[in-house]
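# Results of the structural survey
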Amino acid sequence: MDPLRLTDLHGSLADPVLAAMEFLNEVAHRYPEAVSFAPGRPYEEFFDVEDLHRYLRTFHRHLVEDQGMDAAGARRTLFQYGRTKGIIHDLIARNLAEDEAVHVDPESIVVTVGAQEAMLLVLRALRADPHDVLLAVSPVYVGITGAARLVEMPVLPVRDGPAGVDLDDLTAAARRARAAGLRPRALYVVPDFANPSGATLDRRLRSELLRVAADEDLLILEDNPYRLFGSTDDRPPTLKALGGDRVVSLGSYAKTGFPGARIGYAVADQPVDVGDGHTIPLADQLSRLKSMITVNTPPIAQAVIGGLLLEHGHSLVKANTREIEVYRRNREQVLDGLAARLPDAHRLGVRWNSPAGGFFIVVTVPFPVDDALLERSAREHRVLWTPMHHFYGDGTAMPHLRLSVSLLTPDEIDLGLDRLAEFITDHARQAGT
Ligand SMILES: Cc1ncc(COP(=O)(O)O)c(C=O)c1O
């Protein structure tokens, strides 16, 4: 058979957004001795295989003792094909009530294979025809851009601005799209410690955002995997708590549980008018789509996350006390370490933001940052980070790089910062001459 031609395959396969992850992984693979501030992976030191066994047993006991299943029923729940919308929806609803004071009908929850599948399902449902477009606060997580490419839904950027989202630009973008004959369906936003910017929307801006969304008739897609990793008191409410069915929540247990389970969810309690005066929740439509993508989320993985929730009184805040502390420690070590190693940053034209939570810090430098420069940083300085242009989608180099503080130990951070400071100083001096 002759080789297939890339140009004869789906356009997304040639899209730089889909190639981005591959490239970043490949560089990390080629320079294993480099200290990497690149991946937004959770801390690994607390992973314990025994937890998996215990969580599974805890969930099994829950099926029998709390749900009243007999032995055959509990066995079937774990081993068989299962309910398309999932088997831990009630535990997720309790988790949202416990940690966020968000009260939703468990039937409006679809348990998915990571937040990634939830994004794909929601965009697939919303993209009815070529006029439908998504608005997204830019810079934007590549997972949503990639999912949009798969369903051929254009993504129109909305400026983030100093506060995390520029509402005037949101209104203007929605109106511009409509004037061009397009139909903006939703705004994607990460309101707490965003990936990649680290920005958090304050309480007032959240209310105003919801008002603009209502005026412009937009759904909000709220994605919030890093929300818990900041101060636990005095958190602004989630958009879901404030906005009710104006908001679809995209949930992930990748950072608050662990990514190996690949468990996420969508809360989609929006009524869908199916004619004859009947409505059914959007979750049921997402479930239909899911039945043709992953059939159901693996019950074994759901059981492990279910056990984790049960053992911590349905609270991920309680389940993550050690992790919250580690991420705070790491963040402070990186911020203090940058200041100590780059005392003349201002003169060099180097600065960085100081997020109060989450995994990510953005460093602004006086030179363009592209993939070739990352490669040089890996080869010559043995330190990795993520070029920010990947989060803008058009491949143009930007003077920003993203550091992730989540995965490294204190010794690795010190070593990595020594190398990073050397890299930045060298290149800033070259740029200045
Ligand atoms: C903004 C954002 N959403 C979602 C996810 C995780 O999604 P998943 O649950 O598919 O691992 C990430 C992980 O990097 C992320 O940064």
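Scope of this entry: the structure provided in the associated data block. (Residues numbered from 1 in each chain as written. Predicted model: local features only at pLDDT ≥ 70, side-chain atom pairs only at ≥ 80, totals over all residues. Heavy atoms only, no water.)

### Concerning unusual backbone geometry
The omega torsion across Ser-138 and Pro-139 is 5 degrees, close enough to zero to call that bond cis. At the junction of Asn-195 and Pro-196, the peptide bond is cis and its omega measures out at 15 degrees in the coordinates. Within the secondary structure, Pro-196 is located in the loop between strand 5 (183–189) and helix 8 (203–215). Despite not being glycine, Glu-152 shows a phi value in the positive range, around 60 degrees. Tracing the backbone shows Glu-152 in the loop between helix 6 (142–150) and strand 4 (155–159). (Helix = DSSP H or I, 4+ residues; strand = E, 2+ residues; numbered from the N terminus.)

### Focus on the pairing of strand 12 (residues 360–369)
The buried fraction of strand 12 is high, at eight of 10 residues. Both strand 11 (residues 351–352) and strand 12 contribute to a ladder of two bridges, which runs antiparallel. Across the sheet, Trp-352 pairs through a bridge with Val-363, a residue of strand 12. (Buried < 20%, exposed > 50% of the residue type's maximum accessible area, 1.4 Å probe, protein only. Pairing = 2+ DSSP bridges.)

### Comments concerning the site of the ligand
For the ligand, the set of nearby residues contains 15 residues, the closest of which are Ala-115, Asn-195, Asp-223, Tyr-226 and Ser-252. For the ligand, an oxygen atom lies 2.7 Å from a polar atom in the side chain of Ser-252. In this structure, Arg-262 approaches the ligand through a side-chain N or O atom, which is 2.8 Å from an oxygen atom. Here the ligand, which alone exposes 400 Å², has 92% of that area covered by the protein. Tallying contributions element by element places helix 5 (residues 114–126) first for the shell around the ligand, with four residues. When the residues that make up the shell around the ligand are grouped by side-chain class, the tally is eight nonpolar, four polar and three charged. (Near = heavy atom within 4 Å. Polar contact = N/O pair within 3.5 Å; in protein donor to acceptor, adjacent residues only side chain to side chain. Areas by Shrake-Rupley, 256 points an atom, 1.4 Å probe, with all protein chains shown as cover. Nonpolar A, V, L, I, M, F, W, Y, C, P; charged D, E, K, R; others polar.)

### Topic: the sheet that holds strand 15 (residues 398–404)
The four strands are arranged 11-12-15-14 in an open sheet whose pairing can be described as antiparallel. One side of each edge strand has no neighbouring strand; the edge strands of this open sheet are strand 11 and strand 14 (386–387). Direction of pairing for strand 12 relative to strand 15: antiparallel, over a ladder of six bridges. Considered in strand 15, the bridge of Thr-364 is made with His-400. Contacts between helix 16 (residues 410–432) and the sheet are confined to strand 12 and strand 15, with strand 12 contributing the most and set at about 30 degrees to the helix. (Contact = heavy atoms within 4.5 Å. Axes fitted to C-alpha atoms, helices over the stretch in contact; angles between N-to-C directions.)

### Quick look at the pattern of salt bridges
Across all of its chains, the model carries 33 salt bridges by this definition. Residues Asp-169 and Arg-159 are paired through a salt bridge, measuring 3.6 Å at the closest nitrogen-oxygen approach. Placement of the pair is Asp-169 in helix 7 (residues 167–179) and Arg-159 in strand 4, with a sequence separation of 10 residues. On the basis of relative accessibility, which here comes to 10%, the residue Asp-169 falls in the buried class. The class of Arg-159 is exposed, set by a relative accessible area of 52%. Each of Glu-100, Asp-192, Arg-206, Arg-227 and Arg-235 takes part in one network of salt bridges that share partners. (Salt bridge = Lys/Arg side-chain N within 4 Å of Asp/Glu carboxyl O.)

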